[in-house]
Amino acid sequence: GYGDFNGITQHLDYIDSLGAKALWLSPIFPSMSYHGYDVTDYSMVNPKFGTESDFKNLVSKAHAKDIKIYLDFVLNHTGKDHPWFKSASSSKTSPYRNYYIFSSTPQQDIISGKIPMIATEGSSGYDSGQWFRNPSSTWGTEYYHSHFWTDWFADLNYGPAVTCENSEAFKAVTAAADKWIGLGVDGFRLDAVKHIYHNASSDENPTFLKKFYDHCNTTFKSLGHSGNIYMVGEVLDEASSVAHYYSGLPAFFEFSFWYRLSYALNNGIGRYFAKDILGYLSLYKSYRTDYIEATKLSNHD
C-alpha cells in the first residue's frame, strides 16, 4: 500500500519524539508512476495520498509541533502525460507549445543557435539519446527533448536563463509554487537542477534558480513570514562542481560529505575528513556568505 497525508499526521508525535524539525515529502502531485517525478499536475494533490484538505491538516498539525513541511518540486521536466505536453505535442498552435523543446532537426538547430542549449565543452550540445520521436505529430518527423534519456519525461523550456521569468513555463510553475506557499509549506527541495539548462557548468542554472528563489521568497514574505523560505537544490556532483550554484540558492545537498564520510568509514581512514569538509565550506563561502550545506547520509534514489 501507500502512506498518505493522514498517516503522516497520525505519526507526528513519533516524528516529534525523534527531534525532527522538518519533513521533506517526495512529490505529492498526480503523476504517471509510483515515484512521482513525472508530474501531470503541479497544482493538485495525488488522490492516493488523500485530499487537499488532508494535506492542509497535516501542515497545520505539523506547525503546531514546530515541524516544517518541505515539498519536492520538479522543475526540469513534466511527465509526457501532462496536459501541457499532450496539447503542445499535438498542435503547433497550442498555447503550451513553447513550454517544451521541439525540433525536426535538433542537431542543426542547436548548432545554429535556434535552440538555446549551450554546448558542453568539446561537443555540439546534441545527444541523440535525449531526443524522442513525437508520436502525436501528424505533419512530419518531429522530436522532443528529454534530458534523462527516456521518453517518459519531457523537458520544460524556460527560454534564455537571463529572461526566463518572461516564459509561460516559468509563470506556470511559479504560480503552482505560490499556491503551496499559500497553503503553508515552508520550502521546496528542487529536483535535478543541474539539468534545467543543459550545460551544468555554465551560469544558466544558477541564474534560473535565483529568479525562482527570489519569486518564491517574495511570495513567502508577503504572507507575513519574517525569515526566508527554505529551498534546497539537488546537484548530484562533487562540491567543486556544486559551489557556483550557491549564487542561485541558499542550500544544496552536500553529496561530497556523503562520499567522503562513506570512504572514511569503509577504509578506516578518517584523518582527511575534517580537512575536506572545511575546504568545501570555504569554497561555498566564496559564492554565498549565508550558504547552507545540507549534509546527508543517504539518497532516496
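Before reading further, recall that the structure is shown in the block above.
Parameters at a glance
Residue positions are given per chain, counting from 1 as you read along its sequence in written order. In keeping with the predicted nature of the model, local features appear solely for residues at pLDDT of at least 70, side-chain atom pairs appear and are counted solely at 80 or more, and the whole-chain, interface and lining totals rest on all residues. Think of the side-chain values as coming from all heavy atoms in the structure, minus any hydrogens and water. Secondary structure is summarised from DSSP: a helix means a run of H or I of at least four residues, a strand means a run of E of at least two, and numbering begins at the N terminus for each. Atoms counted for the radius of gyration: C-alpha only. Globule rule: 2.2 Å times the number of residues to the power 0.38. Each residue is assigned to one of three classes by its accessible area relative to the maximum for its type, calculated with a 1.4 Å probe on protein chains only: buried under 20%, partly exposed between the two thresholds, exposed over 50%. Contacts are residue-level and defined by heavy atoms, with any inter-residue pair within 4.5 Å sufficient. We call Phe, Tyr and Trp rings a pair once their centres come within 6.5 Å, taking the six-membered ring for Trp, and we label the pair stacked below 30 degrees between planes, edge-to-face above 60, and tilted otherwise. Here, over-ring charges are defined by two tests on the NZ atom of lysine or the CZ atom of arginine: distance to the ring centre within 6 Å, and angle to the ring normal within 35 degrees. When DSSP finds two or more bridges between a pair of strands, those strands are recorded as paired. The angle between two axes is taken between their N-to-C directions and runs from 0 to 180 degrees, where each axis is a line fitted to C-alpha atoms and a helix contributes only its stretch in contact. A crossover gets the label right-handed when its path from the first strand over the helix to the second runs clockwise, viewed with the strands pointing away from the viewer. Here a crossing is taken to be left-handed if its near helix is turned anticlockwise relative to the far helix by less than a right angle, and right-handed if that turn runs clockwise. By the convention adopted, Pro, Cys, Tyr, Trp, Phe, Met, Ile, Leu, Val and Ala count as nonpolar, Lys, Arg, Asp and Glu as charged, and the other residues, Gly among them, as polar. Among the buried residues, those of types Ala, Val, Leu, Ile, Met, Phe, Trp, Tyr and Cys that are joined through side-chain atoms within 4.5 Å form a nonpolar core.

Peer 1: Explain the overall build of the protein chain residue by residue, including any values.
Peer 2: Looking only at helices and strands, one finds 10 helices and 11 strands in the protein chain. Relative to the 2.2 N^0.38 estimate, which gives 19 Å for 301 residues, the radius of gyration of the protein chain is 20 Å and therefore close to what a compact globule would have. Here the protein chain, with 301 residues, has 49% of them falling under the buried criterion. In the protein chain, the share of contacts with a sequence separation of at least 24, taken over all contacts with a separation of at least 6, comes to 64%.

Peer 1: An account of the packing of aromatic side chains is requested, with residue identities and associated values reported.
Peer 2: Taken as a whole and judged by the stated rule, the model has 35 aromatic pairs. Ring geometry for Tyr-158 versus Phe-208: centroids 4.6 Å apart, planes at 45 degrees, classification tilted. In this pair, Tyr-158 is assigned in the loop between strand 7 (153-155) and helix 6 (168-182) and Phe-208 in helix 7 (residues 204-222), connecting sequence segments 50 residues apart. Like Tyr-158, the residue Phe-208 is buried in the burial classification. When the ring of Phe-255 is compared with that of Tyr-259, the centres are 6.3 Å apart and the planes differ by 35 degrees; the resulting orientation is tilted. Here Phe-255 pairs with Tyr-259, and both are found in helix 9 (residues 255-267), just 4 residues apart, close to one helical turn. By relative accessible area, Phe-255 is classed as buried at 1%. For the cation-ring pair, Lys-179 lies above Trp-180, with the distance from its terminal atom to the ring centre recorded as 5.0 Å. Above the face of the Trp-258 ring, Lys-296 is positioned so that its terminal group lies 3.7 Å from the ring centre.

Peer 1: Would you mind going over unusual backbone geometry in detail, with residue names and values included?
Peer 2: Positive phi, close to 60 degrees, is recorded for Asp-66, a residue that is not glycine. Looking at the element boundaries, Asp-66 is found in the loop between helix 3 (52-64) and strand 2 (68-74). According to the relative accessible area criterion, Asp-66 is partly exposed, its value standing at 49%.

Peer 1: Break down the sheet that holds strand 1 (residues 22-25) for me, citing the residues and quoting the values.
Peer 2: Spatially, 6 strands are ordered 1-2-8-9-10-11 in an open sheet, and the strand pairing comes out parallel. The sheet terminates laterally at strand 1 and strand 11 (292-295), the two strands that pair on one side only. Neighbour to neighbour, the strand axes of the sheet diverge by 30 degrees on average, direction disregarded. Pairing geometry for strand 2 and strand 8 (residues 187-191), over 5 bridges, is parallel. Within strand 8, the position partnered with Val-74 by the bridge is Asp-191.

Peer 1: An account of the pairing of strand 1 is requested, with residue identities and associated values reported.
Peer 2: The alternating pattern of strand 1 places Leu-23 and Leu-25 on a buried face and Ala-22 and Trp-24 on a face that is not buried. Two strands pair when backbone bridges link them, and strand 1 and strand 2 are joined in this way by 4 bridges, in the parallel orientation. Counted as the bridge partner of Leu-23 is Ile-69 from strand 2. Since strand 1 and strand 2 lie parallel, the crossover through helix 3 that links them has a hand, and here it is right-handed.

Peer 1: Describe the sheet that holds strand 6 (residues 143-145), naming the residues involved and giving the relevant values.
Peer 2: The strand order across the open sheet formed by 3 strands is 4-6-5, and the pairing between neighbours is antiparallel. Each end of this open sheet is capped by a strand with a single partner; those strands are strand 4 (102-103) and strand 5 (131-133). By the bridge criterion, 2 bridges tie strand 4 to strand 6 in an arrangement that is antiparallel. Residue pairing for strand 6: Phe-102 is matched across the bridge by Tyr-144.

Peer 1: Residue-level account of the packing of helix 6 against helix 7, with values.
Peer 2: Close contact between helix 6 and helix 7 brings their axes to 10 Å; oriented N to C, the two are set at 35 degrees. The element helix 6 and its partner helix 7 pack so that their crossing is right-handed. Judged by residue contacts, Phe-170, Val-173, Thr-174, Ala-177, Asp-178 and Ile-181 of helix 6 engage Phe-208, Lys-211, Phe-212, His-215, Cys-216, Thr-219 and Phe-220 from helix 7. The residue makeup of the contact of helix 6 with helix 7, split by class, is 8 nonpolar, 3 polar and 2 charged.

Peer 1: How would you explain the nonpolar core if you had to name every residue and give the values?
Peer 2: In a soluble, globular protein the nonpolar side chains are often hidden away together inside. Core analysis: the biggest nonpolar cluster contains 72 residues, and Phe-73, Tyr-158, Trp-180, Phe-188 and Phe-212 have the highest contact counts within it. Looking at which element gives the most residues to this core, the answer is helix 6, with 8 residues. Once residues within four sequence positions are removed from consideration, Phe-212 is found in contact with Phe-73, Leu-75, Phe-170, Val-173, Thr-174, Ala-177, Leu-190 and Met-231. Ranked by size, the runner-up nonpolar core spans 5 residues in total, among them Val-232, Phe-253, Phe-255 and Ala-294.

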